[in-house]
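Topology and contacts: notes
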Amino acid sequence: MFTIFPSPRCLALGLCVASATSFSAMPAVAAEDNFNNEYAPHMTLYMQLTVSEWLTDPVLLDAIRAQNAATAGLSEAEILALDDEWRGSDDTAALRSSVLGNAASDYLRTMVAGADGMVTEVFVTDALGLNVAASVATSDYWQGDEAKFSETFSVGVDVIHIGDMEVDTSTGAYQGQASMTVTDPDTGAPIGSITVGLLPDMF
């Protein structure tokens, strides 16, 4: 456990409490023990106080539930084939457009637009790690083999994973990705994951 001292930027955006805040009072637990990312405390707080609110939207939750029902029986070979299809296509192809053009993706783009330049991308997966919605196209369709999924959804509810700062292949920005388990408020069960790209100079 560690303590966050909110930055002036964070306070100006209304994202932080006025005094130092202990993670013990927060609903999520940081799963990543790789603290070579100096922005990890602020990124975690952003997920806890802001992104967690996005996950209450019924359009987003219904989209995840519906895709879970549709993809529950997919085999590993079928998942990999879909991932290859996504990688080999452009945004006008059926698979990509079904993700990027849905109402849940429109909602995510609205959240990005209202984030004051802090957020570069947002994408949400189902219980298999397959994209449900995305503000912009991701490099992969299947996130299930990456830490952003395996260290959130696969761990359980209320878990946050903070990645390293790096140049992202999807956005071209030097950013960090923060991910969180998506929990169904009706059942308390994990149903997917959300990943947010955050710019370090905005904290």
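Let me begin by describing the structure that accompanies this report.

Scoring rules and cut-offs
- Residues numbered from 1 in each chain as written.
- Predicted model: local features only at pLDDT ≥ 70, side-chain atom pairs only at ≥ 80, totals over all residues.
- Heavy atoms only, no water.
- Buried < 20%, exposed > 50% of the residue type's maximum accessible area, 1.4 Å probe, protein only.
- Helix = DSSP H or I, 4+ residues; strand = E, 2+ residues; numbered from the N terminus.
- Pairing = 2+ DSSP bridges.

Counting buried residues in strand S4 (residues 119-125) gives 7 out of 7 residues, a clear majority hidden from the surface. In this sheet, strand S8 (residues 190-198) lies alongside S4 in antiparallel orientation, the contact comprising 6 bridges. Its bridge partner lying in S8, Val 124 is registered against Ile 194. Here 3 bridges tie S4 to strand S5 (residues 131-134), and the two strands are oriented antiparallel to one another. For Val 124, the partnering residue across the bridge sits in S5 and is Ala 133.

The next thing to look at is the pairing of S8. Counting buried positions along S8 yields 8 of 9 residues, so the element is predominantly enclosed. From the end of strand S7 (residues 174-183) to the start of S8, which pair antiparallel, there are 6 residues, and Gly 188 there has a positive phi angle of about 80 degrees.

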